[in-house]
Amino acid sequence: MANYSLVVIGCSWGGFHSLREIFNVLPGDFAVPIVVAQHRLAQGPDGLHTSLQSASRIPIADVMDKEPLLGGAIYLAPSDYHTIVEGKYLALSTEEVVQFARPSIDVLFESAANSYGNTLIAVILTGANEDGAEGLRRVKELGGYTIVQDPKSAIRREMPEAALAKVRPDRVLTIEQIGPHLVELCSSKVGGDDGRP
Amino acid sequence: MRTEDLEQLEIDLLLEGVYRRYGYDFRQYARGSLRRRIYKRVLDERVASISSLQERVLRDPQAMERLVLELSINVTAMFRDPTFYLALRTKVVPLLRTYPFIRVWNAGCSTGEEVYSLAMLLQEEGLYDRTRIYATDINERVLQRAEEGVFPLDKMRGYTENYIKAGGRKAFSEYYKAGPRGATFKRDLIENVVFAQHNLVSDRSFNEFNVIMCRNVMIYFDKALQNHVHDLFHRSLINFGVLTLGRKESIKFTSHENCYEAIDGLERIYKKVK
Ligand SMILES: C[S@@+](CC[C@H](N)C(=O)[O-])C[C@H]1O[C@@H](n2cnc3c(N)ncnc32)[C@H](O)[C@@H]1O
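Bear in mind that the values here come from a model prediction, so they are computed numbers and not experimental data.

Participant: So what about the domain arrangement of chain B? Which residues, and what values?
Facilitator: All names here are of chain B. Segmenting chain B into domains produces domain 1 (3-71) and domain 2 (82-272). Averaged C-alpha coordinates put domain 1 and domain 2 at centres separated by 30 Å. Contact residues are listed per partner, giving eight residues for domain 1 and 11 residues for domain 2. The junction of domain 1 with domain 2 conceals about 940 Å² of combined surface from both sides, 54% of it contributed by carbon and sulfur atoms. When the buried area of domain 1 at its contact with domain 2 is split by residue, Gln 28, Tyr 29 and Leu 69 rank highest and sum to 54% of it. Among the salt bridges present, the one from Arg 141 reaches Glu 65, with a minimum N-O distance of 2.7 Å. If you look at where domain 1 meets domain 2, you find three residue pairs in polar contact (both at pLDDT 80 or more). Among the residues forming the side of domain 1 that touches domain 2, the class breakdown is four nonpolar, two polar and two charged.

Participant: Explain the confidence of the model for chain A residue by residue, including any values.
Facilitator: Detail in the predicted coordinates should be disregarded across regions flagged by low pLDDT. With 91% of its residues at a pLDDT of 70 or more, chain A has an overall mean of 90. Counting interchain partners and residues more than four positions distant, the pLDDT-below-50 stretch residues 189-197 of chain A has four contacts.

Participant: Describe helix α1 (residues 15-25) of chain A, naming the residues involved and giving the relevant values.
Facilitator: Turning to α1(A), its buried residues number three or more, namely Gly15(A), Ser18(A), Leu19(A), Ile22(A) and Phe23(A). The buried residues of α1(A) occupy an angular sector of 130 degrees when projected down its axis, which confines them to one face.

Participant: How would you summarise unusual backbone geometry if you had to cite specific residues and measurements?
Facilitator: Omega for the peptide link from Arg102(A) to Pro103(A) comes to 15 degrees, which places this bond in the cis form. Its location among the elements puts Pro103(A) in the loop between β7 (89-93) and α3 (105-116). Despite not being glycine, Ser110(B) has its phi angle at roughly 50 degrees, a positive value. Here Ser110(B) lies in the loop between β1 (102-107) and α6 (113-124). Ser110(B) gets classed as buried once you look at its relative accessible area, which sits at 5%. In this structure, Phe240(B) is a non-glycine residue whose phi angle is positive, near 65 degrees. For Phe240(B), the location among the structural elements is in strand β8 (residues 237-244).

Participant: Describe the site of the ligand, and please don't skip the residues or the numbers.
Facilitator: Residues and elements named next belong to chain B. Taken together, 22 residues lie near the ligand, and Tyr 29, Asn 74, Thr 76, Arg 80 and Asp 137 sit nearest. A distance of 3.0 Å separates a nitrogen atom of the ligand from a polar backbone atom of Gly 108. One nitrogen or oxygen atom from the main chain of Leu 200 is found 2.9 Å from a nitrogen atom belonging to the ligand. Its free accessible area being 610 Å², the ligand has 99% of it covered by the protein chains. Taken together, the residues that form the shell around the ligand break down as eight nonpolar, 10 polar and four charged.

Participant: Describe the interface of chain A and chain B, naming the residues involved and giving the relevant values.
Facilitator: On the chain B side, the residues contacting the 25 residues of chain A number 27 residues. Buried surface at the junction of chain A and chain B, summed over both partners, amounts to about 2,300 Å²; 46% is from carbon and sulfur atoms. Our enumeration of links across chain A and chain B arrives at four salt bridges. The salt bridge partner of Arg37(B) is Glu96(A), with a shortest N-O separation of 3.6 Å. Here chain A and chain B share 14 residue pairs in polar contact (both at pLDDT 80 or more) between them. Contributions of two or more residues to the side of chain A that touches chain B are made by β6 (82-86), β7 and α3 of chain A. Looking at the side of chain A that touches chain B, the element that brings in the most residues is β7(A), giving three residues. Of the residues in the side of chain A that touches chain B, the class split is 10 nonpolar, five polar and 10 charged.

Participant: Residue-level account of the sheet that holds strand β4 (residues 67-68) of chain A, with values.
Facilitator: Overall, antiparallel pairing links the three strands, which are arranged β4-β7-β6 (chain A) in an open sheet. In the strand order of this sheet, the two ends are held by β4 and β6 of chain A, each with one partner. Where β4(A) and β7(A) come together, two bridges link them in antiparallel fashion. Bridge pairing in β7(A) places Pro68(A) opposite Tyr89(A). Running at roughly 105 degrees to β6(A), helix α2 (residues 31-44) of chain B makes contact with β6 and β7 of chain A of the sheet.

Participant: So what's going on with the pairing of strand β5 (residues 182-185) of chain B? Which residues, and what values?
Facilitator: All names here are of chain B. The pairing of strand β3 (residues 150-151) with β5 spans two bridges and is antiparallel. Note on β5: the bridge partner recorded for Val 150 is Thr 184. As judged from the four bridges shared by strand β4 (residues 176-179) and β5, these two strands associate in the antiparallel manner. Bridging across to β5, Ala 178 finds its partner in Ala 183.

Participant: A description of the environment of Glu124(B) should follow, citing residues and the corresponding values.
Facilitator: Residue and element names in this part refer to chain B. In this structure, Glu 124 sits in helix α6. A sequence separation of 45 residues divides Glu 124 from Arg 169, and the C-alpha atoms of the two residues are 6.9 Å apart. Excluding anything up to four places from it in sequence, Glu 124 contacts Arg 89, Tyr 163, Gly 168, Arg 169, Lys 170 and Tyr 175. Side-chain polar atoms of Glu 124 contact the side chain of Arg 89, separated by 2.9 Å.

Participant: Which residues make up the nonpolar core, and what values go with them?
Facilitator: One finds Leu200(B) and Phe233(B) to be the most contacted residues of the largest nonpolar core, which totals 73 residues. With six residues, α3(A) is the single largest residue contributor to this core. Three or more residues apiece are contributed to this core by two domains, here domain 1 (3-71) and domain 2 (82-272) of chain B. Setting aside residues no more than four positions away along its own chain, Phe233(B) makes contact with Trp105(B), Ala107(B), Leu200(B), Ile212(B), Cys214(B), Met218(B), Leu243(B) and Tyr260(B).

How each quantity is defined
- Residues numbered from 1 in each chain as written.
- Chains lettered and ligands numbered in written order.
- Predicted model: local features only at pLDDT ≥ 70, side-chain atom pairs only at ≥ 80, totals over all residues.
- Heavy atoms only, no water.
- Domains from an automatic or database assignment.
- Contact = heavy atoms within 4.5 Å.
- Buried area = accessible area lost by both parts, 1.4 Å probe.
- Salt bridge = Lys/Arg side-chain N within 4 Å of Asp/Glu carboxyl O.
- Polar contact = N/O pair within 3.5 Å; in protein donor to acceptor, adjacent residues only side chain to side chain.
- Nonpolar A, V, L, I, M, F, W, Y, C, P; charged D, E, K, R; others polar.
- pLDDT = per-residue confidence, 0-100.
- Buried < 20%, exposed > 50% of the residue type's maximum accessible area, 1.4 Å probe, protein only.
- Helix = DSSP H or I, 4+ residues; strand = E, 2+ residues; numbered from the N terminus.
- Arc of directions from axis to C-beta.
- Near = heavy atom within 4 Å.
- Areas by Shrake-Rupley, 256 points an atom, 1.4 Å probe, with all protein chains shown as cover.
- Pairing = 2+ DSSP bridges.
- Axes fitted to C-alpha atoms, helices over the stretch in contact; angles between N-to-C directions.
- Core = buried A, V, L, I, M, F, W, Y, C linked by side-chain atoms within 4.5 Å.

Printed below as a string of structure tokens:
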């Protein structure tokens, strides 16, 4: 079984509620860093992390440039920048919008895949556009583990549907199943090849 | 060799070649963003690989020029992050009043929106007459556009809102004339501005400054290069000089963390204390 070292999550319309549901079930000592690209308004308030924090035992903060990726932390892509994974660090960029979005989920996912290959888990959630599909394809191509929210259970189904049109993910899950599945994938005790300790 | 490692090697060779052939040093730029831009060139130049791009760029200076343009990301805006400019007004202007003459370095000024914003602010505070702003960038084309001072009309609405939030004291429209080419800004705003090409990677300090403003430029550099530039800035600031960074850049975790105190930590405004 692969040892996962990074989780990336992309969402847009409806993402706020879906993220809260996921974070709610993650334990405070969840050891793998999580980076989230949620589409938000260009000049939007930076209050997103505070409103998500009330649902999460893991500390949440906006990404700062060249911040090291550490376990036990959730990093939110700030508005008006792309967030790019650079090995063990996160970097920001103001280059032009991609798929009408900044932060772009594609940019985050592709860079994460390039750095983390088969130790990456990528999750596409609810949204009303096609961002993330291309990024998820790249994650899969480089051996990463891919999860798409079941479009039927999503607040907006366009984004998971676009992802499913490009990628056959490892799992299609309802929002309630995603958190527990991440815990299972990332806890070192579970999932030894033969089940023995 | 894994394809990712091969790709790294190809990028290394391209950047090394560009450096040795043309003197432009992108070797320590952050790789994630660089990789995206390079692939965009591969696509647009219709070549098969980064190695083929290298061949073309080394032999064809125009292809090199296109690469440089691609690699320099020039996105900017007037009064970007209005609360930052508000903090400049309320927390830095009082400090600047104590100086008979003020030198400002706007490093990585791109097409100049920051320079014009700063000039308006200093005019309104009555400080502009004793200020000289040195506005520099690696890219000559953007400097030309900055000097022309014509900006897209469709941006004016957003800029007006920013200006008001930033504590602007006039009607924003007083600063420009709308015409067929766009909004032409008043020339007196750049009366005390010197535009000059300067490369933060390879060029040296050229003066002593009261304020250095370098926002959203170092995010494109890796940590070692960031530290190199911080060293340059540190040497170019007078004691108690002010350094300002972008909204998501912090002095923390850099080599010069201990040389500065926060004037406004959230807005990334720092004062050199040693
Ligand atoms: C994203 S723009 C930032 C513009 C403005 N400071 C702002 O925050 O809105 C980055 C600028 O840095 C310039 N730049 C990149 N590398 C540079 C270097 N080595 N030396 C000087 N300027 C550089 C680019 O040409 C570009 O204009």
